[in-house]
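# Reading the structure
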Number of protein chains: 2
Amino acid sequence: MALPDALLHDLSALLGPRLSTSAGERALHAQSETLILSGPPDAVAYPRSTEEVARIAALCARHMVPVVAWGTGTSLEGHALAVKGGITVDFRDMNQVLAVFPEDMLCVVQPGVTREDLNTYLRDTGLFFPVDPGANASLGGMAATRASGTTAVRYGTMRDNVLGLEVVLAGGRVIRTGTSAPKSSAGYDLTALMVGSEGTLGLITELTLRLHGQPEAVSAATCAFADMAAAVDCVIATIQTGIPMARIEFLDPASVAACNAFSGTSLPLAPQLMVEFHGSPKGVAEQAERFGAIAAEYGSSGFLWARASEDRNRLWKMRHDAYRAILASRPGASAIVTDVCVPISSLAQAVEETRADIAASGLPGPILGHVGDGNFHAILLVNPADPRETTLAKSLATRMAERALQLGGTITGEHGIGMGKLPLMAAEHGAAWAIMGHIKRALDPHDLMNPGKLVPQK
Amino acid sequence: MALPDALLHDLSALLGPRLSTSAGERALHAQSETLILSGPPDAVAYPRSTEEVARIAALCARHMVPVVAWGTGTSLEGHALAVKGGITVDFRDMNQVLAVFPEDMLCVVQPGVTREDLNTYLRDTGLFFPVDPGANASLGGMAATRASGTTAVRYGTMRDNVLGLEVVLAGGRVIRTGTSAPKSSAGYDLTALMVGSEGTLGLITELTLRLHGQPEAVSAATCAFADMAAAVDCVIATIQTGIPMARIEFLDPASVAACNAFSGTSLPLAPQLMVEFHGSPKGVAEQAERFGAIAAEYGSSGFLWARASEDRNRLWKMRHDAYRAILASRPGASAIVTDVCVPISSLAQAVEETRADIAASGLPGPILGHVGDGNFHAILLVNPADPRETTLAKSLATRMAERALQLGGTITGEHGIGMGKLPLMAAEHGAAWAIMGHIKRALDPHDLMNPGKLVPQK
């Protein structure tokens with residue numbers, strides 16, 4: 001679709017060289033970390049202020065042109081692809097930490113700030129922002145996809161850590177949601193509605209985020225189990241005992257093998273838990289002791305402690321590199337990364353059935369995840385030149401999601417819907433999916449905000 | 001308004017004697033714990049199943065008759081008053097705990113179960129439901145108003161502890177929101193939208209709730225401070241240090257005096273903090289020691305520890321009786337109870353300015369609250385026979401809310417909007433309030449679900 005000349009003229013007048021229609025810029029914004037494909041947007045805009053974003057939305061509405069938000073492009077389900085063309089709004093230049101309120105343990109940031117940049121900025125304040133999806137994603141994108149990651153078991157997801165938003169709605173109206181108070185019961189929770197809305201209700205232009213105190217003491221460990229069920233039962237017992245785990249991650253033997261090869265570690269090739277404790281020095285010691293006792297009951301072995309910060313950093317770097325490690329384990333392969341989340345009592349069953357299904361397919365597909373949340377991933381490795389393998393991987397991912405639903409879970413714990421999971425929304429939500437469509441149309445009647453995503457398509 | 005005969009006929013056929021149009025039943029459902037007044041509903045229905053609720057909603061929609069949910073009637077802002085008549089749906093008979101899943105730390109309940117009933121039911125499971133607004137409210141009502149209370153600082157509010165809902169929408173459609181997985185990023189967070197929607201989007205017919213492990217050890221204490229600012233600074237330092245306070249409550253000297261008189265305690269007549277620690281025996285001891293050290297830095301005195309459970313129960317009974325104690329401190333008075341929530345750094349200022357404003361009015365108005373959340377209440381005592389006092393109290397409450405907004409806070413931390421706070425919604429939300437109206441109309445185009453509440457009125 002060609003953009004109307006009048007729109008291009010007005011956007012150029014607004015943004016100057018910060019509006020690009022070059023093939024190169026457009027192609028960069030048609031990339032995805034996955035095999036999901038889409039044509040490029042018609043133009044890319046790099047606004048510097050809420051006012052500019054609002055003007056872009058207003059101009060696009062006048063010409064009925066779609067608007068799609070772009071953070072760092074690390075989505076795993078094609079959220080930010082302009083499937084109906086239009087203007088991609090790249091928040092690269094809205095990357096300022098606007099304010100930090102240490103007493104209130106809050107900060108206000110623009111959407112293009114990444115989580116690592118924020119934590120670097122906070123380093124000397126004694127505070128940190130805990131949500132850690134692995135990728136160094138933008139905080140606007142993390143809010144839009146309701147991201148979580150390794151620390152959600154202790155600190156919650158973006159749902160729990162976004163206190164307020166500024167949002168540009170379709171047509172350019174600007175609203176603020178939430179306040180700086182820790183809680184409120186004043187009306188509909190528009191903050192929670194926007195978090196996870198994947199750009200379909202508006203463009204996030206500012207976030208008020210909860211911060212947490214940097215723990216005085218931290219300790220981490222890995223330990224091996226005879227089988228998956230023993231590892232999961234250990235996790236259930238640990239959580240029930242109320243030990244405030246900061247992280248509790250699972251790696252299957254295939255993931256362990258890939259990590260060992262990539263990161264030079266030598267973990268035993270068995271189901272592994274990776275755990276971390278945060279607290280006072282005494283508190284961490286007590287937590288570790290209690291966890292150790294529970295793990296021993298479930299037959300753990302090969303406990304490796306990482307108490308020094310360099311050892312911990314090496315351990316979590318290995319975990320964060322797991323995706324690349326697994327990708328490297330099949331040279332030339334592309335990955336279809338999929339995630340589901342189930343009630344923790346069903347986790348062992350869900351993982352075991354998924355493992356068996358993957359094994360029967362013949363594709364390599366290591367499994368790992370945030371086991372304290374019941375959330376796990378399969379990284380399905382396919383030969384991109386062989387479309388049969390991609391089809392096979394997609395059917396494995398679909399069965400994994402359907403299995404999660406049968407067990408009372410969800411088709412995605414943290415990656416979101418994007419394009420990849422849209423066909424599964426009806427199965428998860430039933431009649432409630434239509435209600436999402438009603439809300440979408442109430443806020444965006446002309447379907448201009450990230451069209452083609454999340455709600456039922458006409 | 002008289003109900004159409006056809007509607008009465010169909011509802012009677014559905015419910016038999018569980019539909020009442022008696023003046024007595026109707027008058028009971030026009031009562032409120034506050035001075036907010038409304039006429040009665042035209043009839044009261046006592047459904048026993050989701051199917052019956054759906055049929056009631058469908059029949060009412062056919063005749064364009066309003067539907068209002070009723071839990072235990074403990075709202076402080078007139079949420080459940082049928083201001084436009086219609087059918088009040090009383091959930092008294094939907095009071096079953098449907099399932100408890102200990103491994104997943106979840107339960108499924110009907111909306112009429114009260115929080116105390118649930119905790120009695122859970123007593124032998126090692127689990128409990130922590131949200132504690134004081135009143136023995138129904139869990140459906142607590143979800144509808146996004147209730148919180150003394151333990152929110154540790155365990156969160158209803159926003160954090162409702163994982164999923166079954167909701168009957170206008171016209172009788174039934175949807176389910178959320179899953180039993182601990183987290184999800186699958187589409188709009190309809191659970192969060194429904195929590196706090198005060199019956200204006202639908203009737204909650206089932207709740208999936210998060211449970212928490214009963215703490216192994218509990219310890220509580222009171223301590224006095226020279227002034228409000230010292231008490232609040234102690235709270236800020238405590239929270240920043242990361243001590244996982246289970247409760248941290250503030251009472252001003254007037255509240256202390258009322259509690260002493262009512263409960264036979266003898267706390268010093270000074271600003272008091274009431275604190276509670278949950279954890280392992282060692283953990284509780286360490287938390288208490290660390291809190292004691294911080295409190296000492298801020299000049300605390302008169303530490304009274306309540307380590308035995310009977311002592312703790314006496315302490316929290318005194319706190320829960322504070323409302324009645326304060327009411328009893330002015331014989332014959334009625335109370336206007338109001339709440340606001342501010343960023344904790346502004347709490348001392350907000351409380352001090354409120355105290356001065358109340359003092360200047362000449363009305364008695366003790367202040368107390370959930371200081372760890374920045375949430376506090378004033379209980380304004382008026383002579384119900386003197387309308388000037390009521391007017392004066394309402395203007396104090398309005399100024400308290402406006403002050404909270406100026407400090408970055410919210411007009412209500414936990415009591416909700418109901419009828420009392422509706423005139424303040426525009427000031428808090430600006431353009432976002434209209435968006436709430438769009439959402440309301442998308443789900444309830446004929447304004448039949450608790451009309452007259454929460455959204456802009458035509």
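Here the structure is a predicted model, which is why all the values come from computation and not from measurement.

Parameters at a glance
Residues numbered from 1 in each chain as written. Chains lettered and ligands numbered in written order. Predicted model: local features only at pLDDT ≥ 70, side-chain atom pairs only at ≥ 80, totals over all residues. Helix = DSSP H or I, 4+ residues; strand = E, 2+ residues; numbered from the N terminus. Buried ≥ 20, exposed ≤ 12 C-beta atoms within 10 Å, placed from the backbone. Contact = placed C-beta atoms within 7 Å. Expected span 1.5 Å × (residues − 1). Arc of directions from axis to C-beta. pLDDT = per-residue confidence, 0-100. Least-squares fit on C-alpha atoms with pLDDT ≥ 70 in both. Domains from an automatic or database assignment. Nonpolar A, V, L, I, M, F, W, Y, C, P; charged D, E, K, R; others polar. Pairing = 2+ DSSP bridges. Axes fitted to C-alpha atoms, helices over the stretch in contact; angles between N-to-C directions. Left-handed = near helix turned anticlockwise from the far one by under 90°.

Within chain A one finds 17 helices and 18 strands. Looking at chain A as a whole, 58% of its 458 residues are labelled buried. Contacts in chain A between residues far apart in sequence, at least 24 positions, make up 71% of those at least 6 positions apart.

This paragraph deals with helix α15 (residues 387-406) of chain A. Residues and elements named next belong to chain A. The terminal C-alpha atoms of α15 lie 29 Å apart, and with 20 residues this matches the ideal 28 Å at 1.5 Å per residue to within 8%. What α15 keeps buried is the set E389, A393, L396, A397, M400, A401 and A404. The arc that holds every buried residue of α15, seen down its axis, measures 135°, which confines them to one face. With respect to the buried face of α15, the exposed residues turned more than 90 degrees away are P387, R388, T391 and S395. For α15, the elements touching its buried residues are β16 (334-341), α14 (347-361) and β18 (375-382). Phi for G408, located one or two positions after α15, is positive at around 85°.

When the pLDDT values of chain A are averaged, the result is 95; 100% of them are 70 or greater. Taken over the whole predicted complex, pTM reads 0.97, whereas the ipTM for its chain interfaces reads 0.97.

Turning our eyes to something else, we now look at the relation of the copies chain B and chain A. There are two copies of the chain, and a rotation about an axis plus a shift along that axis relates them. Note on the copies: chain B fits chain A at an RMSD of 0.0 Å, the axial shift is 0.0 Å, and the rotation between them is 180°. Taken together, the rotation and translation relating the two chain copies correspond to the operation of a two-fold axis. Of the interface residues in chain B, 100% have counterparts in chain A that sit at the interface too, so the contact is made through matching surfaces.

Looking now at the domain arrangement of chain A. All names here are of chain A. Assigned domains of chain A: these are domain 1 (5-92), domain 2 (96-213), domain 3 (217-323) and domain 4 (331-421). Between domain 2 and domain 4, the C-alpha centre-to-centre distance is 28 Å. Domain 2 puts 10 residues into the contact, and the matching count from domain 4 is seven residues.

It is worth spelling out the interface of chain B and chain A at this point. Quite often, the size of an interface is put as the accessible area lost when its parts meet. On the side of chain A, 74 residues touch chain B, which itself brings 74 residues to the contact. Within the residue set of the side of chain B that touches chain A, elements represented by two or more residues are α7 (158-161), β9 (174-177), α8 (190-194), α9 (228-240), α11 (281-297), α16 (425-429) and α17 (431-443) of chain B. Looking at the side of chain B that touches chain A element by element, the count peaks at nine residues for α17(B). Counted by class, the side of chain B that touches chain A contains 29 nonpolar, 30 polar and 15 charged residues.

All names here are of chain A. A sheet is described by the order of its strands in space; here four strands give the open sequence β1-β2-β4-β3, paired in mixed fashion. Whereas interior strands pair on both sides, the edge strands pair on one side only; in this sheet they are β1 (19-20) and β3 (67-70). Relative to the sheet, helix α3 (residues 50-62) contacts β2 (43-45), β3 and β4 (87-90), its axis offset from that of β4 by approximately 175°.

Looking now at the pairing of strand β10 (residues 202-210) of chain B. All names here are of chain B. Most of β10 is tucked away: eight of the nine residues are buried. Inspection of the sheet shows strand β6 (residues 106-109) paired to β10 by four bridges, in the antiparallel sense. Residue V108 lies in a different strand from β10, and its bridge partner there is T208. As defined by bridge partners, strand β8 (residues 162-169) adjoins β10 across seven bridges and the pair is classed as antiparallel.

Residues and elements named next belong to chain A. The five strands are arranged β5-β6-β10-β8-β9 in an open sheet whose pairing can be described as antiparallel. Sheet topology places β5 (97-101) and β9 (174-177) at the edges, where each strand pairs with a single neighbour. For this sheet the average axis-to-axis angle between neighbouring strands, irrespective of direction, equals 15°. Pairing analysis gives four bridges linking strand β8 (residues 162-169) to β9, with the strands arranged antiparallel. Within the sheet, the bridge partner assigned to E166 lies in β9 and is R176.

Okay, the packing of α9(B) against α11(B) next. Residues and elements named next belong to chain B. Viewed as axis vectors pointing N to C, α9 and α11 meet at an angle of 145°, and their least axial separation amounts to 9 Å. Relative to α11, α9 is oriented so that their crossing is right-handed. Of the residues in α11, those touching α9 at C234, A237 and T238 are F291, I294 and A295.

The next thing to look at is unusual backbone geometry. All names here are of chain B. Even without being a glycine, M64 presents a positive backbone phi close to 55°. Along the polypeptide, M64 turns up in the loop between α3 (50-62) and β3 (67-70). The backbone of E198 sits at a positive phi, close to 55°, despite the residue not being glycine. Tracing the backbone through its elements, the reader meets E198 in the loop between α8 and β10. The exposure class assigned to E198 is buried, which follows from the 27 C-beta atoms found within 10 Å.

Residues and elements named next belong to chain A. Counting buried positions over the eight residues of β18 gives eight, a clear majority of the element. The alternating pattern of β18 places N375, H377, I379 and L381 on one face and F376, A378, L380 and V382 on the opposite face, and all of these are buried. Bridge count between β16 and β18: eight bridges; the pairing is antiparallel. Each residue of the ladder has a partner; that of T338, found in β18, is A378.

What follows covers the environment of A:M64. Residue and element names in this part refer to chain A. With 12 C-beta atoms counted inside 10 Å, the residue M64 sits in the exposed group. Along the sequence, M64 and M425 sit 361 residues apart, while their C-alpha atoms lie 27 Å from each other. Once residues within four sequence positions are removed from consideration, M64 is found in contact with H446 and L448.

Further remarks concern α9(B). Residue and element names in this part refer to chain B. Between its terminal C-alpha atoms α9 stretches 18 Å, which fits the 18 Å expected from 13 residues at 1.5 Å a residue. Judged by how many residues are buried, α9 sits mostly within the fold: 10 of 13 residues are covered. Residues of α9 that are buried: M228, A230, A231, V232, D233, C234, V235, I236, T238 and I239. Those residues of α9 hidden inside the fold are in contact with β13 (247-251), β14 (272-279), α11 and α14 (347-361). Looking one or two residues beyond α9, the residue adopting positive phi is G242, at roughly 90°.

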